[in-house]
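Below are the chains, spelled out letter by letter.
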Amino acid sequence: MTSGEAPARAIRSFHRDAEGHWFARLECGHHQHTRHDPPWINRPWVEQSLGRIAMLGTPLPCRKCADGAEPDPTPHPLP
């Protein structure tokens, strides 16, 4: 697989980073930010818990898998 081909990986859970932005933990163990930042990124579903729940299992392209990266560390809950 070349780095131009990002394989689809299912969303397993959501967490916030230290800055409060949402990211998805994918089935491959990689994390991907899922920001709602219109007009560039339109993901209003990420701002509501029911929207995030509805997206569990949905595939997202994983650039880290395409690049052969190791899984990201498991996130820890923020205080």
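This text gives an overview of the structure that appears in the document.

Rules of the game
Each residue is numbered by its place in its chain's sequence as written, counting from 1. Restriction of local features to residues with pLDDT of at least 70 applies here, the model being predicted, together with a cutoff of 80 or more for giving and counting side-chain atom pairs; totals for whole chains, interfaces and linings are based on all residues. Just so you know, side-chain values use all the structure's heavy atoms and leave hydrogens and water out. Strands here are runs of E lasting at least two residues and helices are runs of H or I lasting at least four, both read from the DSSP assignment and numbered beginning at the N terminus. Note on contacts: a residue pair is in contact if any heavy atoms of the two residues lie within 4.5 Å. Two strands form a pair only when DSSP identifies at least two bridges running between them. To get an axis, fit a line to the C-alpha atoms, keeping to the stretch in contact for a helix; angles then go from 0 to 180 degrees between the N-to-C directions. Salt-bridge detection follows one rule: a side-chain nitrogen of Lys or Arg within 4 Å of a carboxyl oxygen of Asp or Glu. Exposure is judged per residue with a 1.4 Å probe applied to protein chains only, and the accessible area is read against the type maximum: over 50% gives exposed, under 20% gives buried, and values in between give partly exposed.

## So, the overall build of the protein
Part 1 of the reasoning: Summing up its helical and strand segments, the protein has two helices and four strands in all.
Part 2 of the reasoning: Traced from its N-terminal end to its C-terminal end, the protein shows the element sequence β-β-β-α-β-α.
Part 3 of the reasoning: Within the protein, counting contacts between residues at least 6 apart in sequence, those at least 24 apart form 54% of the total.

## Overview of the sheet that holds strand β4 (residues 59–61)
Part 1 of the reasoning: Taken in spatial order, the four strands of this open sheet run β3-β2-β1-β4, and their pairing is antiparallel. Either end of the sheet is taken by a strand with one partner, and the two such strands are β3 (31–33) and β4. Neighbouring strand axes in the sheet, compared pairwise and without regard to direction, differ in orientation by 55° on average.
Part 2 of the reasoning: Alignment of strand β2 (residues 22–26) against β3, held across three bridges, turns out to be antiparallel. Bridging across to β3, arginine 25 finds its partner in histidine 31.

## Notes on the pattern of salt bridges
Part 1 of the reasoning: By the definition in use, this model includes two salt bridges.
Part 2 of the reasoning: The salt bridge partner of arginine 12 is glutamate 27, with a shortest N-O separation of 3.5 Å. Here glutamate 27 lies in the loop between β2 and β3 and arginine 12 lies in strand β1 (residues 8–16), a separation of 15 residues in the sequence.
Part 3 of the reasoning: What makes glutamate 27 partly exposed here is its relative accessible area of 43%.
Part 4 of the reasoning: Across the pair lysine 64 and aspartate 72 runs a salt bridge, and its minimum N-O distance is 2.8 Å.
Part 5 of the reasoning: Overall, aspartate 72 belongs to the buried group, its relative accessible area being 18%.

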